[in-house]
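Architecture and fold: a report
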Amino acid sequence: MKLRWIKTHWLIKKIFSNYIWAIPNAENKVYLTFDDGPTPEITNWTLTELQKYEAKATFFCIGDNLIKYPEIYKEIIQKGHAIGNHTFNHLNGWKTNTQTYIENAILFETELNKIDTRKCNLFRPPFGKIKSSQANFLRKNGYKIIMWDVLSADYDQTISPQECLENVLKNISSGSIIVFHDSIKGFKNLEFVLPRTLEFIKNRGYSCEVLN
C-alpha cells in the first residue's frame, strides 16, 4: 500500500502556503491539469475529450517531450489550453542539487522559446518534490509553483480505473486543482476516468478553466 494523500491535507497547504494548491472561488470553477506530456496519441485523445465538454486545462509538459512533439504543443495552445514547466527531464528536486535543477527548468524555457515566444509562468515540480532553495529561485523569477488539491493517481498501475475515478469524484470541489497524466503509464486509467470526470463536472455545474 503506497502512502500518499489523494486529497491534500489542509496542514500541508498551510505549511507550504507559498505554493498554489487550489484556487478558491464561488463560481464552481475547477482546474484539470495533465503532467508529463506531450505524448503522441494520448495527448491528442485528451484534447478531443476536453473539446467534447468545452473544458479547458493546463498541461505541465516535460521539455524533452516538447521539443520532440512541437506540433502537439501547438495544438494544445490553439485549443485554448495553458502550458506549464515540468522541468526538461522530469527531475526529482529532492534528489537533485539546486543549480542542476534550476538549469534544467531554464532549459525548458530555452527550448519553449524556439517554438513560441510567449512567457510560461507556471511550474509544477515532478513528483511534487522540490527544495525551498529551488522554489525560491523560481518564484523570484516569476514562476508560480502549482501543486494540487486532488491526486487521481492515474499513473499507479496497481489501482483499478474505478478506484482512480473515485479518487477524483469523492474529493473534487470548487477550486480544486486535479492531477492527471497524459502519459503512456497513466493511460489505462485516464482513458476510463477522464470522460466520466468531465461528465460529472458538467452535471454538477462546474466549469473547467486554465491556470494563469
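Scroll up for the structure.
Residues numbered from 1 in each chain as written. Predicted model: local features only at pLDDT ≥ 70, side-chain atom pairs only at ≥ 80, totals over all residues. Heavy atoms only, no water.

1. Comments concerning the overall build of the chain
Which entries qualify depends on this criterion: A helix here means a DSSP run of H or I that spans at least four residues, while a strand means a run of E at least two residues long, and both kinds are numbered starting from the N terminus. The size measure is the radius of gyration over C-alpha atoms, and the globule rule it meets is 2.2 Å times the number of residues to the 0.38 power. Exposure classes here rest on a 1.4 Å probe applied to the protein chains alone. A residue is buried below 20% of its type maximum, exposed above 50%, and partly exposed in between. We call two residues in contact whenever any of their non-hydrogen atoms come within 4.5 Å of each other. Surface accessibility follows the Shrake-Rupley procedure with a 1.4 Å probe radius. Residue values consider only the protein chains on display as shielding.
When you go through the chain residue by residue, the secondary structure sums to eight helices and eight strands. Here the C-alpha radius of gyration of the chain, 16 Å, is about what a compact globule of 212 residues would show, namely 17 Å. A buried classification covers 50% of the 212 residues belonging to the chain. When contacts within the chain are restricted to residue pairs at least 6 apart in sequence, long-range pairs at least 24 apart make up 75% of them. When the accessible surface of the chain is summed, it comes to about 10,300 Å², and 52% of that surface belongs to carbon and sulfur atoms.

2. Thoughts on the pattern of salt bridges
Going by this rule: Should a side-chain nitrogen of Lys or Arg be within 4 Å of a carboxyl oxygen of Asp or Glu, the pair is scored as a salt bridge.
Taken as a whole and assessed by the stated rule, the structure comprises ten salt bridges. A salt bridge links Asp149 to Lys13, with the nearest nitrogen and oxygen atoms 2.6 Å apart. Here Lys13 lies in helix H1 (residues 10–15) and Asp149 lies in the loop between strand E5 (144–145) and strand E6 (150–151), a separation of 136 residues in the sequence. We classify Asp149 as buried; its relative accessible area is 3%. For Lys13, a relative accessible area of 24% gives the class partly exposed.

3. Comments concerning the packing of aromatic side chains
Put simply, the rule is: Centres within 6.5 Å make a pair out of two Phe, Tyr or Trp rings, where for Trp the six-membered ring is used; the pair is then stacked when the planes are under 30 degrees apart, edge-to-face when over 60, and tilted otherwise. We call a charge positioned over a ring when the NZ of a Lys or the CZ of an Arg lies within 6 Å of the ring centre and within 35 degrees of the ring normal.
What the rule picks out here adds up to six aromatic pairs. Ring centres 5.2 Å apart and planes at 85° place the aromatic pair Trp45 and Phe187 in the edge-to-face group. Here Phe187 lies in helix H8 (residues 187–203) and Trp45 lies in helix H2 (residues 42–52), a separation of 142 residues in the sequence. Taken together, the ring pairs connect Phe34, Phe59 and Phe180 into an aromatic cluster. The lysine or arginine in question, Lys119, covers the ring of Tyr143, its NZ or CZ lying 5.3 Å from the ring centre.

4. Some points on the environment of Asp64
Put simply, the test is: Polar contact criterion, stated in full: a pair of N or O atoms within 3.5 Å, where within protein one must be able to donate a hydrogen and the other to accept it, and residues adjacent in sequence count only if both atoms are side-chain atoms.
Positionally, Asp64 belongs in helix H3 (residues 63–68). Given a relative accessible area of 23%, Asp64 falls into the partly exposed group. Taking C-alpha positions, Asp64 is 8.7 Å from Thr87, a pair spaced 23 residues apart along the chain. Residues in contact with Asp64, not counting those within four places in the same chain, are Phe88 and Asn89. A polar contact of 3.2 Å, which involves the side chain of Asp64, links it to the side chain of Lys68.

5. Considerations on the packing of H2 against helix H4 (residues 70–78)
Two measures define how a pair of helices packs: the angle their axes make with one another and the distance between the axes. Threshold: For every element, the axis is a line fit to its C-alpha atoms; helices are fit only across the contacting stretch, and the angle between N-to-C directions ranges from 0 to 180 degrees. Roughly parallel refers to an angle under 35 degrees, roughly antiparallel to one over 145, roughly perpendicular to one between 65 and 115, and oblique to any angle outside these ranges. By the convention adopted, Pro, Cys, Tyr, Trp, Phe, Met, Ile, Leu, Val and Ala count as nonpolar, Lys, Arg, Asp and Glu as charged, and the other residues, Gly among them, as polar.
Following both chains from N to C, one finds H2 and H4 inclined at 10°, their axes separated by 10 Å at the closest point. Taken together, the axis directions place H2 and H4 in an arrangement best described as roughly parallel. Two secondary-structure elements touch here, H2 through Thr43, Asn44 and Leu47 and H4 through Ile72, Glu75 and Ile76. The class makeup of the residues in the contact of H2 with H4 is three nonpolar, two polar and one charged.

6. Comments concerning a nonpolar patch on the surface
We count it as follows: Within the patch definition used here, like charges are joined within 9 Å and nonpolar side chains (Val, Leu, Ile, Met, Phe, Trp, Tyr) within 5 Å, considering only residues with over 30% relative accessible area and no salt bridge.
A surface patch of nonpolar side chains, about 430 Å² in accessible area, is lined by Trp10, Leu11, Ile15 and Phe16. In this structure, Leu11 sits in helix H1.

7. Structural notes on the packing of H2 against H8
At a minimum axis separation of 10 Å, H2 and H8 run at an interaxial angle of 10°. Compared by their axis directions, H2 and H8 come out roughly parallel. Two secondary-structure elements touch here, H2 through Ile42, Trp45, Thr46, Glu49 and Leu50 and H8 through Phe187, Leu190, Glu191, Leu194, Pro195 and Leu198. Among the residues forming the contact of H2 with H8, the class breakdown is eight nonpolar, one polar and two charged.

Fair warning: the whole summary comes from geometry, so function is off the table for now.
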